Amino acid sequence: EHLVDTVVYLEGDRYHSYRIMRTIKNRFGSTNEVGVFEMKDSGLAEVKNPSAIFLMEKNSKNSGSIITATLEGSRIFLAEVQALVTKTSFGYPQRKAQGFDLNRLNLLIAVLQRRAHIALETHDIHINITGGLKISEPAIDLAVCVAVVSAIKNIILDAQLIAFGEVGLGGEVRAVNQTEKRVLECAKLGFKKIIMPQLGMRIKTSCEIVECANIQKAIEYISSAQNIGQSRQN
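What comes next concerns the included structure. (Residues numbered from 1 in each chain as written. Predicted model: local features only at pLDDT ≥ 70, side-chain atom pairs only at ≥ 80, totals over all residues. Heavy atoms only, no water.)

Details of the side chain of Thr-179
With respect to the helices and strands, Thr-179 occurs in helix α4 (residues 179–188). You can call Thr-179 buried: its relative accessible area is 8%. Ignoring sequence-local partners within four residues, the contact set of Thr-179 consists of Phe-164, Met-196, Leu-199 and Ile-203. (Helix = DSSP H or I, 4+ residues; strand = E, 2+ residues; numbered from the N terminus. Buried < 20%, exposed > 50% of the residue type's maximum accessible area, 1.4 Å probe, protein only. Contact = heavy atoms within 4.5 Å.)

So this is what it looks like as structure tokens:
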């Protein structure tokens, strides 16, 4: 790669029509930009509003589903995180992830069990990032945890709720880069409530900001009757 001026990767799931173009090396510009394209009959076409596309088919009537704000290059994308939690049929529970790091999922499950006292030892857990996206940013941690808790408790979350933040081994919710930019993107697309780390500063936005110092606070918020779309007994 050191012999060329530019190295570009075109990523995407073969079963989805969307592709993300990343610049790994660019001698004449920034490598912090990404492009989103859709494969059509005429070739690749630019996607003007990727977040709206990835959220278009969200079902607000299912538990285990929440939107998160992730940073790809210098752009903010909103993506749906889905979790499915079921009783295991085998002696050892399965953990599977599509678009999310499996090792990271196992770590977050351990945090939920130890710090939030969520019993997951006898459950299979499946995580999916819709639209064929692959997200490795730690800022998605909080959304994954919230989705898992929503799924196991059968809590249907508010369709206008977003969660982002890194989760540490102590259960603390840590700050992430470009927080203000994420909040403004959420407000721009019409979302009303955001669960996020404690920021220590005010952001001018129409959204209701819910700052959480730890994962327990986030779970308490989504479990309260006034903050969920619907809840029913398992």
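Notes on the side chain of Thr-23
Inspection of the secondary structure assignment puts Thr-23 in strand β2 (residues 18–26). Contact partners of Thr-23, with chain neighbours within four places excluded, come to Thr-6, Val-7, Val-8, Thr-31 and Glu-33.

Considering unusual backbone geometry
Despite not being glycine, His-117 has its phi angle at roughly 55 degrees, a positive value. Positionally, His-117 belongs in the loop between α2 (102–115) and β8 (123–129). On the basis of relative accessible area, His-117 is assigned to the exposed category, the value being 66%. The backbone of Gln-178 sits at a positive phi, close to 55 degrees, despite the residue not being glycine. As for its position among the elements, Gln-178 is in the loop between β12 (173–174) and α4.

Comments concerning α4
All buried positions along α4 are accounted for by Thr-179, Arg-182, Val-183, Glu-185 and Cys-186. In a view along the axis of α4, the buried residues occupy a sector of 160 degrees, so they form one face of it. Of the residues trailing α4, Gly-190 is marked for its positive phi of about 90 degrees. (Arc of directions from axis to C-beta.)

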